[in-house]
Amino acid sequence: PLGVPARHLASVGSTMTEAAAWAADGAPHGAAVVAETQTAGRGRHGRVWRDVPGASLMLSLVLRPALAPERLGLVGLAAGLALAEAAGTFGARARLKWPNDVLALNAQGRLVKLAGVLAEASWSGAAPAVILGAGLNVEQMTFPDDLRATSLRIASGRDVARLDPLAPFLDAFAIRLDQAESAPGRLLADVEARLVGLGDLCQVGFPGTDRPPLTGTALGLAPDGALRLATDAGEITVHAGEVTLAR
Ligand code: BTN
């Protein structure tokens, strides 16, 4: 099972750092660090992940998956899909933006960010681990203007509490993580079924690098979870980046 053993903390810099230290100290596969608030929450591409104390589900899991290195990208996809499925148990229809942003409707009926996933490799300690961080907005009813985001309460219209989605997420993630190993085609098909932008013109940027953005039509996922993009220069497979839909 995932989430066993678990450490629940009131306030922490980042659950990623706590979980990595615990992994180096021998934490088993599935160990979880859950926090009520973070003072130095981290997002993808070196961004800050801000939270309102007590309003979001934030956790990091220590994973020691029995996956071939070229399949490790499936872990983040599985986590995003599991978050979307957990949101679905409360009646919210969640979609995915490659690689693993979870989107749902805001009060204005726009598809914006509901949850995010951050996967980091941890090499210290006896055995390597993947530290899988998930942040899901749950109880917020408003967001700062500069944040295009929504919460499970807004998207579902239900009175969901911060920890309510934890068990549904862990259950769904355990199943999807197994599939990454045993039935990756099924996992990829279920992720694709929720992907926004398939068949559409997209721009893929590479924040924090000098690489210029790519423009092309999103074709689907490669077996390792990469995004297949049809560009003027032919098909390109993108392993990391940030998709913007050209509407
Ligand atoms: C993203 O969308 O950029 C990823 C956001 C990941 C946020 C979570 S909250 C729990 C864990 N601890 C962190 O510092 N980040 C992740």
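Whatever comes next refers back to the structure up there.
Here goes a summary of the coordinates provided. Quick caveat: nothing in here was measured; it's all calculated off a predicted structure.

Brief notes about the environment of I236
By secondary structure assignment, the location of I236 is in strand β11 (residues 234-238). What makes I236 partly exposed here is its relative accessible area of 23%. Along the sequence, I236 and A218 sit 18 residues apart, while their C-alpha atoms lie 9.9 Å from each other. When near neighbours in sequence (up to four residues on either side) are disregarded, I236 contacts L214, L227, R228, L229 and T231.

A short note on the site of the ligand
The full set close to the ligand counts 20 residues, and S14, Q38, R42, R44 and K113 are the nearest of them. Take T15: an N or O atom from its side chain is 2.9 Å from a nitrogen atom of the ligand. Q38 places a side-chain nitrogen or oxygen 2.9 Å from a nitrogen atom of the ligand. Taken by itself the ligand offers 420 Å² of open surface, and the protein chains cover 97% of this. For the shell around the ligand, the class distribution of residues is seven nonpolar, nine polar and four charged.

Notes on the sheet that holds strand β5 (residues 101-105)
Consider a sheet: its strands pair through backbone hydrogen bonds, and that pairing is either parallel or antiparallel. Strand order in this open sheet of seven strands is β1-β2-β3-β7-β6-β5-β4, and the pairing throughout is mixed. Both outer strands of the open sheet, β1 (6-12) and β4 (95-97), are each paired with one neighbouring strand and no more. This sheet shows a mean twist of 25 degrees between the axes of neighbouring strands, independent of strand direction. Across four bridges, the pairing between β5 and strand β6 (residues 111-122) is antiparallel. When the bridges of β6 are listed, L105 appears paired with L111. With respect to the sheet, helix α1 (residues 15-24) is in contact with β1, β2 (32-38), β3 (56-63), β6 and β7 (129-137), its orientation differing from that of β2 by roughly 155 degrees. Contacts from helix α2 (residues 73-88) reach β3, β4, β5, β6 and β7, with the element oriented near 145 degrees to β6.

Some remarks on the side chain of T37
Following the sequence through the fold, T37 ends up in strand β2. A distance of 2.8 Å separates a polar atom in the side chain of T37 from a polar atom in the side chain of D51. Other than its neighbours up to four places away in sequence, T37 contacts A10, S11, V12, D51, P53 and M58.

Quick look at the sheet that holds β11
Taken in spatial order, the five strands line up as β11-β10-β9-β8-β12 in an open sheet, and their pairing is antiparallel. The open sheet terminates on both sides in strands that have one partner only, identified here as β11 and β12 (242-245). Neighbour to neighbour, the strand axes of the sheet diverge by 45 degrees on average, direction disregarded.

Some thoughts on the environment of A23
For A23, the position within the fold is in helix α1. Each C-alpha atom, one on A23 and one on R44, is 21 Å from the other, the two residues being 21 residues apart in sequence. Beyond its immediate sequence surroundings of up to four residues, A23 is in contact with V62, R64, S122, A129 and I131.

Considerations on the environment of W98
Take W98: it is sitting in the loop between β4 and β5. In this structure the C-alpha to C-alpha distance between W98 and V48, which are 50 residues apart in sequence, comes to 19 Å. With residues up to four places along the chain from it excluded, the contact list for W98 reads L77, L195, L221, G225, A226, L227, V238, H239, A240, G241 and V243. There is a polar contact of 2.9 Å between the side chain of W98 and the backbone oxygen of G225.

What to know about unusual backbone geometry
Residues V4 and P5 are joined by a peptide bond in cis, for which omega reads -5 degrees. Topologically, P5 is positioned in the segment before β1. Cis geometry is found at the peptide bond from W98 to P99, where omega equals 0 degrees. On the secondary structure map, P99 appears in the loop between β4 and β5.

Side note on the packing of aromatic side chains
Scanning the model with the defined rule gives one aromatic pair in all. Between the aromatic rings of F169 and F173, the centroid separation amounts to 5.5 Å while the plane-to-plane angle is 15 degrees, which identifies the pairing as stacked. Remark: F173 and F169 occur in helix α4 (residues 166-182); sequence separation between them is four residues, near one turn of the helix. Across the pair, exposure class does not vary: F169 and F173 are buried alike.

The rules behind these values
Positions within a chain are numbered from 1, following the residues in the order the chain's sequence is written. The model is predicted, so local features are restricted to residues of pLDDT at least 70 and side-chain atom pairs to those at 80 or more, both for listing and for counting; the totals for chains, interfaces and linings are taken over all residues. Where side-chain values are given, they derive from all heavy atoms of the structure, hydrogens and water being excluded. A run of DSSP states H or I qualifies as a helix once it reaches four residues; a run of E qualifies as a strand once it reaches two. Both are numbered from the N-terminal end. Exposure categories follow from relative accessible area, calculated using a 1.4 Å probe and restricted to protein chains: below 20% of the type maximum is buried, above 50% is exposed, and the middle band is partly exposed. We call two residues contacting when some pair of their heavy atoms lies within 4.5 Å. Summary of the distance rule: residues count as near a molecule or strand when at least one heavy atom falls within 4 Å of that molecule or strand. Each polar contact in these results corresponds to two N or O atoms within 3.5 Å; when the atoms are within protein, one needs to be able to donate a hydrogen and the other to accept it, and residues that are neighboring in sequence are counted only if both atoms are side-chain atoms. Working definition of accessibility: Shrake-Rupley area with a 1.4 Å probe, residue cover restricted to the visible protein chains. For this scheme, ten residues count as nonpolar: Ala, Val, Leu, Ile, Met, Phe, Trp, Tyr, Cys and Pro. Four count as charged, namely Asp, Glu, Lys and Arg, and the remainder, Gly too, count as polar. DSSP calls a pair of strands paired once it identifies at least 2 bridges connecting them. Convention adopted: a line fitted to C-alpha atoms gives each axis, helices being fitted over their contacting stretch, and angles between N-to-C directions are expressed from 0 to 180 degrees. Stacked, edge-to-face and tilted are the three classes for Phe, Tyr and Trp ring pairs, Trp counted by its six-membered ring, which pair at centre distances within 6.5 Å; planes under 30 degrees apart are stacked, over 60 edge-to-face, the rest tilted.

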